[in-house]
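Secondary and tertiary structure notes
So the chains spell out like this:
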Amino acid sequence: MTNKELKIKEAADFLGISIDTLRRWDNNGKLKPLRGGQGEHRRYDLAQLEEFLTFSCADLAKKWVRNKIGEKPNDIFYCSDSSIFQGRLYKLRMALSRNQEIESIFSLLLSVVGEIGDNSFGHNLGNWPDIIGIFFGYDVKNRVIVLADRGQGIFKTLKRVKPELQNDLEALKVAFTEIISGRAPESRGNGLKYVKAIIEKNPISLFFQSGEAELNLDKNSSALKIKKAKDSFRGCLAVIKF
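Counting restarts for each chain: residues are numbered from 1 in the order of the written sequence. The predicted nature of this model means local features are confined to residues of pLDDT at least 70 and side-chain atom pairs, given and counted, to a pLDDT of 80 or more, with totals for whole chains, interfaces and linings taken over all residues. Just so you know, side-chain values use all the structure's heavy atoms and leave hydrogens and water out.

**With respect to the overall build of the chain**
Helix and strand definitions here come from DSSP, where helices need a minimum of 4 consecutive H or I residues and strands a minimum of 2 consecutive E residues; each element is numbered from the N-terminal end. Across its full length, the chain carries 9 helices and 7 strands. Against the 2.2 N^0.38 benchmark of 18 Å for 242 residues, the chain shows a C-alpha radius of gyration of 19 Å, consistent with a compact globule. When the backbone C-alpha atoms are referred to their principal axes, the chain occupies close to 65 × 40 × 30 Å. The buried share of the chain, reckoned over its 242 residues, is 47%. A separation of at least 24 residues holds for 58% of the contacts in the chain among residues at least 6 apart in sequence. Counting every atom, the chain has about 12,900 Å² of accessible surface; 48% of that belongs to carbon and sulfur. A radius of gyration in this sense is built from C-alpha atoms; the matching globule rule multiplies 2.2 Å by the number of residues raised to 0.38. Each residue is placed in one exposure class: buried if its accessible area under a 1.4 Å probe, protein chains only, is under 20% of its type's maximum, exposed if it is over 50%, and partly exposed if it falls in between. Two residues qualify as a contact provided that any one of their heavy atoms is within 4.5 Å of a heavy atom in the partner residue. Accessibility throughout is a Shrake-Rupley quantity obtained with a 1.4 Å probe, and a residue counts as covered only by protein chains that appear here.

**Details of empty space enclosed by the protein**
Residues are said to line a cavity or pocket when one of their atoms sits within 4 Å of a point; the points come from a 1 Å grid over protein atoms alone, cavities being sets where a 1.4 Å probe fits but cannot get out and pockets being open sets with protein on both sides within 12 Å along at least five of seven lines. Grid points are joined across faces, edges and corners, and a volume is the space filled by probe spheres set on the points. Using the criterion set out here, one finds 1 cavity of 30 Å³ or more in the structure. The calculated volume of the largest cavity comes to roughly 40 Å³. Lining the largest cavity are 10 residues, and of these Ile116, Ser120, Leu147, Asp149 and Cys236 lie nearest its centre. When residues of the lining of the largest cavity are traced back to their parent elements, those giving at least two are helix 6 (106-124), strand 5 (144-149) and strand 7 (225-241). Gly is placed with the polar residues, together with every amino acid not listed as nonpolar (Ala, Val, Leu, Ile, Met, Phe, Trp, Tyr, Cys and Pro) or charged (Asp, Glu, Lys and Arg). Here the residues of the lining of the largest cavity are counted per class, giving 7 nonpolar, 1 polar and 2 charged.

**Concerning the sheet that holds strand 3 (residues 78-79)**
Overall, antiparallel pairing links the 5 strands, which are arranged 3-4-5-7-6 in an open sheet. With partners counted over all chains shown, the strands left at the sheet margins are strand 3 and strand 6 (205-217), one partner each. A pair of strands is considered paired only if DSSP assigns at least 2 bridges between the two. Of the strand pairs in this sheet, strand 4 (residues 134-139) and strand 5 are connected by 6 bridges, and their pairing is antiparallel. Residue pairing in the sheet places Tyr138 in a bridge with Ile145 of strand 5. Along the sheet, helix 8 (residues 168-177) makes contact with strand 6 and strand 7, crossing strand 6 at roughly 140°. Note on geometry: axes are C-alpha line fits, over the in-contact stretch for helices, and angles between N-to-C directions span 0 to 180 degrees.

**Points about unusual backbone geometry**
The residue Arg143 is not glycine, and still its phi comes out positive at about 60°. Examined against the element boundaries, Arg143 turns out to sit in the loop between strand 4 and strand 5. When its relative accessible area of 23% is taken as the criterion, Arg143 is described as partly exposed.

**Digging into the packing of helix 5 (residues 82-97) against helix 6**
Each pair of packed helices can be described by the angle between their axes along with the distance between the axes. Interaxial distance between helix 5 and helix 6 falls to 11 Å at its minimum, and their mutual angle equals 165°. Viewed along their axes, helix 5 and helix 6 adopt a mutual orientation that is roughly antiparallel. Considering how the two elements wind past one another, helix 5 and helix 6 form a crossing that is right-handed. For the pair formed by helix 5 and helix 6, the contact residues are Ser82, Phe85, Gln86, Leu89, Leu92, Arg93, Leu96 and Ser97 on the first element and Phe106, Leu109, Leu110, Val113, Gly114, Gly117, Asp118 and Phe121 on the second. Residues of the contact of helix 5 with helix 6, tallied by class, amount to 9 nonpolar, 5 polar and 2 charged. By the definition adopted for this analysis, an angle is roughly parallel if under 35 degrees, roughly antiparallel if over 145, roughly perpendicular if from 65 to 115, and oblique otherwise. In this scheme the crossing of two helices becomes right-handed for a clockwise turn of the near helix relative to the far one and left-handed for an anticlockwise turn of less than a right angle.

**Concerning the pattern of salt bridges**
Salt bridges, as used here, are contacts in which a Lys or Arg side-chain nitrogen is within 4 Å of a carboxyl oxygen on Asp or Glu. According to the stated counting rule, one finds 13 salt bridges in the structure shown. In this structure, Asp130 and Arg234 form a salt bridge, with 3.0 Å as the shortest nitrogen-oxygen distance. Linking Asp130 in the loop between helix 6 and strand 4 with Arg234 in strand 7, this pair joins segments that are 104 residues apart in sequence. Under the relative-accessibility criterion, Asp130 is labelled partly exposed at 31%. Between Glu200 and Lys196 there is a salt bridge, and its shortest N-O distance comes to 2.8 Å. In this structure Glu200 comes out as partly exposed when scored by relative accessible area, which is 28%.

**Comments concerning the packing of helix 1 (residues 8-15) against helix 3 (residues 46-55)**
Contact geometry for helix 1 and helix 3: axes closest at 11 Å, N-to-C directions at 30°. As judged from the angle between their axes, helix 1 and helix 3 are roughly parallel. For the pair helix 1 and helix 3, the crossing hand works out as right-handed. Each of Ala11, Phe14 and Leu15 in helix 1 lies in contact with helix 3, whose residues at this interface are Leu46, Leu49, Glu50, Phe52 and Leu53. Class assignment for the residues of the contact of helix 1 with helix 3 results in 7 nonpolar, no polar and 1 charged.

These results come straight from atomic positions and should not be treated as a statement about function.
Here it is in structure tokens:
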């Protein structure tokens, strides 16, 4: 066995699932081991597991942010502070730089990701309700980038400087449309207004949810598409496609 091969229990622990679930995934073809089967010891390649998680990053982020009990996400997604986030943002830069098809939006896309991630850290500084930090994953092959936090949410943040806000939907609209004066972290909304300005002019789409309000934004959006979500959670979730 090489250093990159994991036993079934090690693989299950890495994925954050039970051994029975991993066996079921093997049987139904969702995730096959390198070798081993009935009566044999299964072995999983670490790179294979990392690729599987990357492909599932959007679903994993949604599940993580919606869980009632906060737990740290897998280490390949977890950014406990802004310095780790910046380091992984640089890795994303390197990965995207190899794709000539997105050369025209390369720097703008990174700017959008950076703004959303920095806002999560800025507006929750010293006030994280449970898990400190953010979920940050990307699947360059399928052109998906996802960020999530289990922070206070936009409504609670903006209500400090705009006490007239009544709900998540109003707060999300303000965050993406109004220039907000005030000290950090209340300046968060200004960053999202910048994100909106970039996406409206480029082939980038954004799904963003905070609390019970969700928004869809793309180049063809004539107006903000904000509606009440089917479910609600405290923090924020952003899914970027390009």
